[in-house]
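Examination of the molecular architecture
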Amino acid sequence: MNRVAGRMRRRASHAVSGRIRLGTAGASPRLRRWTLALVLLGVAVLPYPSLGAISGTPVAACRSGCRAGSVLSMIRWTQALLGSWQVVPGLTGTVPAAGLAYVSVGDGVAALGAGLTVSGYSAQTGASLWEQTLTGFPVGAAIVSVRTWPGEVTAGVSYTSGGHPQRTEVVLSASVGTVSGRYPAGVFGGAVWGSARYTVIVGPTTVTSYDNATGRVRWRVSTGPVPLAWRADAGTLYLAESAAGFAGSAPVTALRQINLVTGADVLIRPIEGLSFPGTFSAAFDGVVLFSTATGVTAYYGTTGAWLWTIGGAVPEGTDPRKQLIYLSRGSSLIAVNPLTGQVTATASGSAVDGSAGLYAVWDGVALGLDQGGNGDAWGYNIGAQRVTLTAAGLGWPHYFVDLSGVGGSADPASDLVVIAACTQLAPSSPVSATPSATASPSVSVGGIPGSTPAQTATSPSSEEAPTSASGTSGSGVSPSPPPAPVQGCLRPELVALNL
């Protein structure tokens, strides 16, 4: 698993994966380049970055120079977090003192998973709705993804059985938190669609829809002998057919398209050529993206027809409200029409000078987070080219990611974003790094290692393993820098922001 995660981390560092909403940034060479270029979009190849990540509070630039008059506050609500939390300098921020945490926001619920406990909060008010500790798992088991759906919450639990990594997806009621189902899942799979009535799970060799009331199989589609890279797009699931499967998802000879409601299965082959170029990196609004070291190519998801190519670009995320795909090109962020490839807006790197990162975009407004004890959140209007929203004093902010694109800090259907922050530190007594910053990967993502690796926090089943500061893993690489000191947090909070 570590070798696979290492290969995927290296692939991500060569610009073949990443999405804006996968925000908790890692310490890859690409990330450091973008920091210097001042266009850090929170492309997280690790839900919890290594301790060698950038530290310190950035110098304010745009946030003091591009505001015109008063700026609205972004904070919707705050909620105290239970348990022991700590802060790590740099991009890691506020995290559990032991293990990892995951958050997913959507359909009226903000759900947080840490260890084997899932907590539900009202997305509107932050009020605590329920708390459920998952039982029946072996020692060492941990939640590695949390995803929210209409009427239900799913939590992926990773553990070892018979010397092999295993994953089980637990289904909980979104309103009261009671467990209504437990289904086997692929280490790099998990829930990709759900409701109060049924749940669709990506397993090692199948995609299966279960009836939540009875646990019976509604439909099942075989996907072959090896786990495949996948991406969900609304009610459609795409799986990349490749000889090596998830571990080596290029070249992709075909896309398996599955209707998540009916289970109807169609094989899509490229109209031009024998394979799609590069790695399957995104699916949005009926368009699928493939990435190589030279750029991004888009195809129509239902026919395999070529749509457009943009050289030197890297996929970063989407804006569901405006139906745009965001790419980074050079030191700029560009908004692209998914069907035509037309660039509709550009944000220059200089616009966010001094920022620690832009993490999500909703209705043309990008979320920026400054790190450190005096952390700020701010909304940068890409069209107006200025900051229109702010929230000060969010110490050591942590943005939760799910590299599958399902789950994480940002609600895909609204302007709500949930992060963790620390409002009061414990007495200073630096200690060595804990597993929360160096834990093994979480493994439930659609085609990329990370927090499912979503997300955001990671654990044994994240889809990506920690690596050295050079962005590589394994022997023969430069050693990582010494761990940064961590400090306890007396008042950790879950903070909801409006974009």
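Summary of the structure given here. (Residues numbered from 1 in each chain as written. Predicted model: local features only at pLDDT ≥ 70, side-chain atom pairs only at ≥ 80, totals over all residues. Heavy atoms only, no water.)

1. Details of the overall build of the protein chain
Along its length, the protein chain carries 4 helices and 36 strands. Residue burial in the protein chain is summarised as follows: out of 499 residues, 60% are buried. Total accessible area on the protein chain stands at roughly 17,200 Å², and carbon and sulfur atoms take up 55% of it. (Helix = DSSP H or I, 4+ residues; strand = E, 2+ residues; numbered from the N terminus. Buried < 20%, exposed > 50% of the residue type's maximum accessible area, 1.4 Å probe, protein only. Areas by Shrake-Rupley, 256 points an atom, 1.4 Å probe, with all protein chains shown as cover.)

2. Brief notes about the environment of tyrosine 299
Its location among the elements puts tyrosine 299 in strand E23 (residues 295-300). Taking the C-alpha atoms as reference points, tyrosine 299 and alanine 283, 16 residues apart in sequence, are found 9.6 Å from one another. Each residue touching tyrosine 299, except ones within four places of it in the same chain, is listed here: Phe276, Pro277, Gly286, Val287, Val288, Phe290, Gly304, Ala305, Trp306 and Leu307. (Contact = heavy atoms within 4.5 Å.)

3. Some remarks on the state of the cysteines
Going through the model one piece at a time under the given rule, you end up with 1 disulfide. Two residues, cysteine 422 and cysteine 489, share a disulfide whose sulfurs are 2.1 Å apart. Looking down the S-S bond of the cysteine 422 and cysteine 489 bridge, the torsion is 110°, so its handedness is right-handed. Since its relative accessible area comes to 9%, cysteine 489 is described here as buried. (Disulfide = S-S within 2.5 Å.)

4. Thoughts on the sheet that holds strand E33 (residues 398-399)
An order of E2-E36-E34-E33 is seen for the 4 strands of this open sheet, with the pairing classed as antiparallel. Because the sheet does not close on itself, it has two edges, and the strands there are strand E2 (75-80) and E33. In this sheet, strand E36 (residues 492-498) lies alongside E2 in antiparallel orientation, the contact comprising 5 bridges. Counterpart to isoleucine 75 in the pairing with E36 is leucine 497. (Pairing = 2+ DSSP bridges.)

5. Observations regarding the sheet that holds strand E8 (residues 128-133)
With respect to topology, 4 strands assemble into an open sheet ordered E5-E6-E7-E8, the strand pairing being antiparallel. In the strand order of this sheet, the two ends are held by strand E5 (101-106) and E8, each with one partner. Each neighbouring strand pair of the sheet contributes to a mean axis angle of 15°, computed without reference to strand direction. Bridge count for strand E7 (residues 117-122) against E8 is 5 bridges, and the pairing is antiparallel. When the sheet's bridge partners are listed, tyrosine 121 is paired in E8 with serine 128. (Axes fitted to C-alpha atoms, helices over the stretch in contact; angles between N-to-C directions.)

6. Thoughts on the packing of aromatic side chains
Enumeration over the complete set of coordinates arrives at 7 aromatic pairs. When the ring of phenylalanine 290 is compared with that of tyrosine 299, the centres are 5.9 Å apart and the planes differ by 85°; the resulting orientation is edge-to-face. Accessibility classification places phenylalanine 290 together with tyrosine 299 in one group, the buried group. An aromatic cluster is defined as three or more aromatic residues linked by ring pairs; in this entry it consists of Phe276, Phe280, Phe290 and Tyr299. Lying over the aromatic face of tyrosine 198, arginine 218 brings its terminal NZ or CZ to 4.2 Å of the ring centre. (Phe/Tyr/Trp six-rings, centres within 6.5 Å; stacked < 30°, edge-to-face > 60°. Lys NZ or Arg CZ within 6 Å of the ring centre and 35° of its normal.)

7. Description of unusual backbone geometry
Phi at alanine 234 is positive, roughly 55°, even though this residue is not glycine. Looking at the element boundaries, alanine 234 is found in the loop between strand E17 (229-233) and strand E18 (236-241). Despite not being glycine, aspartate 285 shows a phi value in the positive range, around 55°. By the element assignment, aspartate 285 lies in the loop between strand E21 (279-284) and strand E22 (287-292).

8. Section: the pattern of salt bridges
On inspection of all chains with the given rule, the structure shows 6 salt bridges. For the salt bridge of arginine 147 with aspartate 402, the shortest nitrogen-to-oxygen distance reads 3.1 Å. One end of the pair, arginine 147, is in strand E9 (residues 142-149); the other, aspartate 402, is in the loop between E33 and strand E34 (416-422), with 255 residues separating them in the sequence. Of the two residues, arginine 147 and aspartate 402, both sit in the buried class. A salt bridge links lysine 322 to aspartate 363, with the shortest nitrogen-to-oxygen separation between them at 3.6 Å. Taken together, the positions of lysine 322 in the loop between strand E25 (313-319) and strand E26 (324-329) and aspartate 363 in the loop between strand E29 (358-362) and strand E30 (365-369) put the pair 41 residues apart, joining distant regions of the chain. Residue aspartate 363 is classed as partly exposed on the basis of its relative accessible area of 33%. Connected via shared salt-bridge partners are Glu241, Arg256 and Asp265. (Salt bridge = Lys/Arg side-chain N within 4 Å of Asp/Glu carboxyl O.)

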